[in-house]
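Structural characterization, general
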Amino acid sequence: MRPGLRTAALLRPRGKSMGRKNRSSCFFPKVEECVLNLGKFHNIVRLVAFCPFASSQVALENANAVSEGVVHEDLRLLLETYLPSKKKKVLLGVGDPKIGAAIQEELGYNCQTGGVIAEILRGVRLHFHNLVKGLTDLSACKAQLGLGHSYSRAKVKFNVNRVDNMIIQSISLLDQLDKDINTFSMRVREWYGYHFPELVKIINDNATYCRLAQFIGNRRELNEEKLEKLEELTMDGAKAKAILDASRSSMGMDISAIDLINIESFSSRVVSLSEYRQSLHTYLRSKMSQVAPSLSALIGEAVGARLIAHAGSLTNLAKYPASTVQILGAEKALFRALKTRGNTPKYGLIFHSTFIGRAAAKNKGRISRYLANKCSIASRIDCFSEVPTSVFGEKLREQVEERLSFYETGEIPRKNLDVMKEAMVQAEEAAAEMARKLEKQEKKRLKKEKKRLAALALASSENSSSTPEECEEISERPKKKKKQKPQETPQENGMEDPSVLVSKPKKKKSFSKEELVSSDLEETAGSGNLPKRKKSFPKEEPVSDAEEAGNKSIPKKKRKFSSKEEPLSSGPEEAAGSKSSSSKKKKKHQKLSQED
């Protein structure tokens, strides 16, 4: 049986039977000879059944099932359909031992792996495109390559240890930075020591020494004014005073300006590396509190991260027994002791925790064994718990402290059952509190999302409503201009329209009272002839505020005269004709007087 990358095929050796191990062992040399030759390979192997996968997704599912040792439904259907019903007489050759064990357990067929089966499968892979009609070598290679890429992407995407990778890389980089910073700091000490050798004895910290070398530069320029800055760098007034005194009586050699520039630039690089190391340590602490809070609470972030990195992942560390965790990191010493039949090591990486250093010499092995037991429990809690919490790690740390005090003073510690009951209660409370916080955060997020959507809807509605209003304003503006144009045109043409005479008082600000009276009489005469248009005048002629303020006196007189002569306008036509003739005579007299 061959679970291919794009197909599932069932093949059978030619001949009477290859059913037992003695027959297969005799068959092995013949298969080795015939694998490379297609004609001979056809004589020993024939295709029984071929079931192509429906899609690439189905092929990926089958590949994942084979890798995990699970019998897929497609494989089950193929075997049950084409294999004989008498299962005891069938020997099924399978390439993968895990899937072979699963088939034998679930379906009851005897499975064999290795030996001649591997050689037959090698020949099948080589000649498979010739065994199946319509399948070419190029298409088979493309299908295998595409499924291989999909399988690899799925394995990377669904890697259960992918969160641990960041911790492993961070702790490895942290250890490398420690080594590099120490090497570079020794180089700065040796280089700047030619000029100021007394500074090495005063300052022991590497980062502080590099900062001082960058700040001091030429020791001859160091004076009392820089004493305050020295105290800030050294965090000690006595050391700052000692540095100032040593600079005045130093035995170092003089150094050129270009050498000082190179020393200062190199020391600045070392200072930046030390600052980055601190930020990386903060990042590691935050990642450990998320991934393994119990383990970091028990033995610290750095030691816990080293254990995870050495094991390969948190899952692998959780699978290790406590005895393996105890000597994890001391493999060379262990195998050397086994080889020489000496004493095996008592501790590995867990030696860097504070508990073993605090214990007495005779109790170091005992406390390391107890600490490894608690580390194994903490790693399993972190790996398989749904809600990460540091409650169990804190309780386990208390147990280690009690056991340490028991070795020193003989005080009996609490039982593990009682401690775990307390931890369970606190863990449930912590989980409930975390759930409440998550609910609050979700509610806040939903509120913000609603506000954002409401603001977007309001903005869109404003944009949609503003467009028709702007169109109306644009359409109204030319209408007003059209209304004003016919009012100006009759004045230019000299036409006598009563609707135009109403706007003339705007220009007659300097006229006499008699002229005003005559003009009012003409207006009343026109109003008698056109009573309907009089009501529509104010609507058609919009007057500005400035013009109204300037002509306040004129409208008042107009109202008085119009109120007096309104009944005359309602009289017979003769009265209107006589008034119009009298007004014409007055106009002629006025023109004559102006000419004289």
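Residues numbered from 1 in each chain as written. Predicted model: local features only at pLDDT ≥ 70, side-chain atom pairs only at ≥ 80, totals over all residues. Heavy atoms only, no water.

The protein carries the name Nucleolar protein 56 in an unreviewed UniProt entry, which gives Suricata suricatta as its organism. As stated in UniProt under Subcellular location (unreviewed entry), the record for the protein gives "Nucleus, Nucleolus". According to UniProt, the comment filed for the protein under the heading Sequence similarities (unreviewed entry) is "Belongs to the NOP5/NOP56 family." (UniProt positions renumbered as here; feature names shortened; annotations may be inferred.)

1. Looking at the environment of Ser 368
Summarising the element assignment, Ser 368 is placed in helix α20 (residues 364–384). You can call Ser 368 buried: its relative accessible area is 0%. When the C-alpha atoms of Ser 368 and Lys 346 are compared, they prove to be 7.1 Å apart, with 22 residues separating the residues in sequence. Once residues within four sequence positions are removed from consideration, Ser 368 is found in contact with Gln 326, Lys 346, Tyr 347, Ile 350 and Ile 356. Within the local environment of Ser 368, its side chain forms a polar contact with the backbone oxygen of Gly 365, the two atoms lying 2.8 Å apart. (Helix = DSSP H or I, 4+ residues; strand = E, 2+ residues; numbered from the N terminus. Buried < 20%, exposed > 50% of the residue type's maximum accessible area, 1.4 Å probe, protein only. Contact = heavy atoms within 4.5 Å. Polar contact = N/O pair within 3.5 Å; in protein donor to acceptor, adjacent residues only side chain to side chain.)

2. Concerning the nonpolar core
Of all hydrophobic cores here, the largest spans 44 residues; its most connected members are Leu 295, Leu 298, Ile 299, Ile 308, Leu 317 and Leu 371. With seven residues, α20 is the single largest residue contributor to this core. Taken domain by domain, the makeup of this core includes at least three residues from each of domain 2 (165–280) and domain 3 (293–435). Dropping the residues within four chain positions of it, Leu 298 is found in contact with Phe 355, Leu 371, Lys 374, Cys 375, Ala 378, Gly 393, Leu 396, Arg 397 and Val 400. Ile 202, Leu 222, Leu 230 and Ile 263 belong to the second largest nonpolar core, which has 22 residues in total. (Core = buried A, V, L, I, M, F, W, Y, C linked by side-chain atoms within 4.5 Å. Domains from an automatic or database assignment.)

3. Topic: the pattern of salt bridges
A full pass over the atoms with the stated rule returns 18 salt bridges. A salt bridge links Glu 232 to Lys 229; the nearest nitrogen and oxygen atoms lie 3.9 Å apart. Of the two residues, Glu 232 and Lys 229 both sit in helix α11 (residues 227–234), three residues apart, roughly one turn of that helix. The partly exposed category is assigned to Glu 232, whose relative accessible area is 48%. (Salt bridge = Lys/Arg side-chain N within 4 Å of Asp/Glu carboxyl O.)

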